[in-house]
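# Structural description and commentary
The primary structure of each chain is shown beneath.
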Amino acid sequence: MAQELVNPVLGKDLIGLEELTREQITAILDTAETFKEISERPVRKVPYLRGRTVVNAFFENSTRTRVSFEFAEKRMGADTVSISTTGSSVQKGETLVDTARNLEAMRIDMVVIRHASSGAARFLAERIESSVINAGDGKHEHPTQGLLDLLTIRDHRGPLEGLKVCICGDVLHSRVARSNIHGLKRLGAEVAVCGPMTLMPPDVGDLGVRWFNRIEAAIEWADVLNVLRLQLERMKAGFIPSLREYNRVFGVTRARVEAAPRDLLILHPGPMNRGVEIDSDVADGPHSVILQQVTNGVAVRMAVLYLLSGGPATEGGDA
Amino acid sequence: MPEPQRRPIMDAQAVEGALGRMADDVVRLAGDARDLVLVGIHRRGVQLAGRLSDIIEDRHGAGVATGSLDITLYRDDLMVVGPRPVVGQTRLPAGGIDDRMICVVDDVLYTGRTVRAALDELADFGRPKRTLLAVLIDRGGRELPIQADVVGERVEVPEGGRVEVMVPEIDGTLGVDLVEAGA
């Protein structure tokens with residue numbers, strides 16, 4: 001019997017949420033919802049990608065995202081190889097495309113790429129036949145993080161239509177913020193950002209979001225806070241006077257959360273700077289869904305691998 | 001392209017009659033209905049397993065555990081399937097399937113590849129004492145050495161034709177149609 005089909009499906013690559021339709025985002029979230037169960041099985045593995053090879057090319061440091069992708073790939077039955085800048089030919093001056101083409105010559109099926117340059121994932125996708133999944137490119141997008149945030153919010157608050165979500169902190173340097181803004185707006189949520197003007201991108205107005213320069217006002221307005229990591233490595237450039245002052249003015253503290261007019265849901269993409277953008281008793285408190293985000297990350301990445309895999313479009317199924 | 005010809009081959013009453021006979025056969029083979037788990041293959045097998053469970057409870061006074069299997073991720077035709085099929089839920093009883101009598105239920109048995117995938121998936125959940133296969137329709141045409149233990153009806157299907165089982169929860173009606181390729 002013919003099976004119900006996901007339509008529209010994703011194309012060859014996943015570069016960002018900006019280019020996905022509401023239906024495509026919903027299809028990924030719905031697929032991830034069913035994939036959560038696989039991680040609860042006695043054998044946490046399905047053979048769907050058996051014989052497929054996925055290369056995790058992390059040209060920028062990451063533990064959380066890389067491990068999450070590796071779990072997702074292994075649970076889908078794929079063979080995986082991880083490469084990083086350190087010790088690879090990239091250090092010897094090889095270009096990104098040459099690296100990818102050499103990998104492709106070894107018969108791979110997908111590349112998961114993290115790169116410090118915005119646009120690196122698209123650049124690669126346009127030049128190789130394998131599917132490319134963006135695992136974070138510069139300040140551009142981090143689509144699977146955006147998707148796992150959407151899934152976690154949907155798990156707790158139902159449909160996102162009309163929900164008020166405020167992204168707090170270093171929006172300027174954050175690819176997570178961009179993916180969140182595009183994904184949330186596509187699903188009908190109202191989106192705001194909160195933080196000092198120095199940490200807001202110049203085009204923040206063009207993204208169609210409102211801006212709060214006081215965390216109290218953001219909390220007064222929001223149903224959900226997505227608290228971003230203050231990128232301390234970039235703070236030497238003088239974006240804020242001091243970490244202590246940042247916590248005093250913009251920190252998500254227990255007192256502020258308890259003063260909220262409604263039951264707040266608190267997300268954080270990690271890693272957290274406890275006592276800076278978020279206090280420990282909030283991060284570990286009843287409003288926090290931070291660890292569930294991590295769990296959902298594996299399911300979302302499994303769903304993306306599933307929806308990007310496969311051959312030409314013909315209707316399958318048998319009895 | 002000529003229009004396909006659709007012909008009803010079982011009405012609701014005929015399907016109910018076949019399910020009644022199947023329920024009795026399943027209990028006879030299982031020996032003890034209390035030990036049984038009926039696992040329907042997504043999608044229509046799930047509804048048929050539910051109906052069989054109700055019939056067994058009515059006739060034998062024993063509640064039968066049910067579950068569902070979605071075999072999409074165990075299919076062996078990854079490269080020829082285009083748009084990704086929607087993956088449904090796999091749910092098995094909380095106590096697991098180890099040492100239990102499992103009866104896999106599906107609507108149509110044809111090539112046997114779906115059943116092979118279902119057996120592979122079940123093996124990832126545990127080791128049943130015994131596994132039975134019950135299908136409403138056996139249309140022949142096997143590509144693997146797999147046979148059903150319990151069959152509602154055997155149907156000859158002309159080349160190019162297919163059998164469509166309809167259940168109220170999905171199709172709004174209960175019955176079986178034979179759909180033949182247009183002349």
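Data block above holds the structure.
Everything in this summary refers to the structure shown in the same document. Please read these numbers as outputs of a predicted model, since none were measured by experiment.

In the structure shown here, the tally under the stated rule is four aromatic pairs over all chains. Arranged with centres 5.5 Å apart and planes meeting at 70 degrees, the rings of F35 of chain A and Y306 of chain A form a pair that is edge-to-face. Placement of F35 of chain A in helix α1 (residues 22–35) and of Y306 of chain A in helix α11 (residues 290–308) is noted, with a sequence separation of 271 residues between them. With a centroid separation of 5.6 Å and 50 degrees between ring planes, the pair formed by F212 of chain A and W221 of chain A is classed as tilted. Note on W221 of chain A: relative accessible area 9%, which makes it buried. Ring pairs connect the aromatic residues F35, Y48 and Y306 of chain A, which therefore count as one cluster. Geometry around F123 of chain A places R127 of chain A over its ring, the cationic atom sitting 3.8 Å from the centre. Residue placement shows R139 of chain B over the ring face of Y110 of chain B; its charged tip is 3.6 Å from the ring centre.

So, on to the pattern of salt bridges. All names here are of chain B. Applying the stated criterion across every chain, the model contains 34 salt bridges over all chains. D25 is the salt-bridge partner of R28, the closest N and O atoms lying 3.4 Å from each other. Here R28 and its partner D25 are both found in helix α1 (residues 12–30), three residues apart, which amounts to about one turn of the helix. Residue R28 is classed as exposed on the basis of its relative accessible area of 57%. D76 serves as the salt-bridge partner of R113, at 3.0 Å between the closest nitrogen and oxygen.

A few words now on the pairing of strand β8 (residues 175–180) of chain B. Residues and elements named next belong to chain B. Counting buried positions over the six residues of β8 gives five, a clear majority of the element. Pairing geometry for strand β1 (residues 5–10) and β8, over five bridges, is antiparallel. Considered in β8, the bridge of R6 is made with V179.

With that out of the way, let us pick up the sheet that holds strand β4 (residues 101–109) of chain B. Whenever strands of a sheet pair, they do so through backbone hydrogen bonds, lying parallel or antiparallel. Residue and element names in this part refer to chain B. Strand order in the open sheet formed by five strands is β3-β2-β4-β5-β6, and the pairing between neighbours is parallel. Only two strands of the sheet have a single partner each, and these edge strands are β3 (65–69) and β6 (150–154). For this sheet, the mean angle separating the axes of adjacent strands, direction not counted, is 20 degrees. Sitting on the sheet, α1 is in contact with β2 (36–41), β4, β5 (130–138) and β6, with an inclination near 165 degrees to β5. Seen against the sheet, helix α2 (residues 44–60) touches β2, β3, β4 and β5 and runs at an angle of roughly 150 degrees to β2.

Attention shifts here to the environment of I102 of chain B. All names here are of chain B. Examined against the element boundaries, I102 turns out to sit in strand β4. Separated by 54 residues in sequence, I102 and E156 place their C-alpha atoms 28 Å apart. With sequence-adjacent residues up to four places away left out, I102 is seen in contact with V37, V39, I97, L122, P128, R130, T131 and L132.

Bringing the environment of T66 of chain B into the picture now. All names here are of chain B. In this structure, T66 sits in strand β3. The class for T66 is partly exposed, based on a relative accessible area of 40%. Along the primary structure T66 and V37 are separated by 29 residues, whereas in three dimensions their C-alpha atoms are 5.4 Å apart. If we ignore the near neighbours within four places in the chain, the residues touching T66 are V37, L38, A49, S53 and P93.

To continue, consider the layout of surface pockets. Residues and elements named next belong to chain A. Roughly 500 Å³ of internal volume is contained in the second largest pocket. As for the second largest pocket, its lining consists of 22 residues, and the residues nearest its centre are R114, R175, R229, G270 and P271. Of all elements in the fold, only α2 (64–75) and α6 (175–186) reach the threshold of two or more residues within the lining of the second largest pocket. In terms of residue class, the lining of the second largest pocket is built from four nonpolar, eleven polar and seven charged.

By the definition in use, this model includes zero disulfides over all chains. Left unpaired, C168 of chain A is separated from the closest cysteine sulfur, that of C166 of chain A, by 3.9 Å.

Now for the sheet that holds strand β8 (residues 224–227) of chain A. All names here are of chain A. Taken together, five strands build an open sheet; the order of strands is β7-β6-β5-β8-β9 and the sheet is parallel. Of all strands in the sheet, those with a lone pairing partner are β7 (210–212) and β9 (265–267), marking the two edges. Shown here is a sheet whose adjacent strand axes are inclined to one another by a mean of 25 degrees, direction ignored. Where strand β6 (residues 190–194) meets β7, three bridges bridge the pair, whose relative direction is parallel. Following the sheet pairing, C194 is matched in β7 by F212. Sheet contacts for α6: β5 (164–168), β6 and β8; angle to β5, the most-contacted strand, approximately 170 degrees.

Glancing now at empty space enclosed by the protein. Under the criterion given, the structure shown has three cavities of 30 Å³ or more. For the largest cavity, the calculated volume is near 100 Å³. Along the walls of the largest cavity sit R64, T65, S68, Q145, L148, H268, P269, I290, Q293, V294 and R301 of chain A, which together make up its complete lining. Of all elements in the fold, only α2, α5 (143–157) and α11 of chain A reach the threshold of two or more residues within the lining of the largest cavity. Looking at which element gives the most residues to the lining of the largest cavity, the answer is α11 of chain A, with four residues. Each residue belonging to the lining of the largest cavity can be placed in one class, and the counts come to four nonpolar, five polar and two charged. Roughly 70 Å³ of internal volume is contained in the second largest cavity. T34, F35, E37, I38 and R41 of chain A together with D70, T72, L73, V87, G88, T90 and E121 of chain B are the residues that line the second largest cavity. Here the residues of the lining of the second largest cavity are counted per class, giving four nonpolar, four polar and four charged.

Of all hydrophobic cores here, the largest spans 83 residues; its most connected members are M76 and L147 of chain A together with L73 of chain B. The greatest single-element share of this core, amounting to ten residues, is contributed by α11 of chain A. Ignoring sequence-local partners within four residues, the contact set of M76 of chain A consists of F35, V46, P47, Y48, L49, R50, M302, L305 and Y306 of chain A together with L73 of chain B. Among the nonpolar cores identified, the runner-up in size contains 36 residues, and L52, A62, M101 and V157 of chain B belong to it.

What counts and what doesn't
- Residues numbered from 1 in each chain as written.
- Chains lettered and ligands numbered in written order.
- Predicted model: local features only at pLDDT ≥ 70, side-chain atom pairs only at ≥ 80, totals over all residues.
- Heavy atoms only, no water.
- Phe/Tyr/Trp six-rings, centres within 6.5 Å; stacked < 30°, edge-to-face > 60°.
- Helix = DSSP H or I, 4+ residues; strand = E, 2+ residues; numbered from the N terminus.
- Buried < 20%, exposed > 50% of the residue type's maximum accessible area, 1.4 Å probe, protein only.
- Lys NZ or Arg CZ within 6 Å of the ring centre and 35° of its normal.
- Salt bridge = Lys/Arg side-chain N within 4 Å of Asp/Glu carboxyl O.
- Pairing = 2+ DSSP bridges.
- Axes fitted to C-alpha atoms, helices over the stretch in contact; angles between N-to-C directions.
- Contact = heavy atoms within 4.5 Å.
- 1 Å grid on protein atoms, 1.4 Å probe; cavity = no way out; pocket = protein on both sides within 12 Å on 5 of 7 lines; lining within 4 Å.
- Points joined across faces, edges and corners; volume = space filled by probe spheres on them.
- Nonpolar A, V, L, I, M, F, W, Y, C, P; charged D, E, K, R; others polar.
- Disulfide = S-S within 2.5 Å.
- Core = buried A, V, L, I, M, F, W, Y, C linked by side-chain atoms within 4.5 Å.

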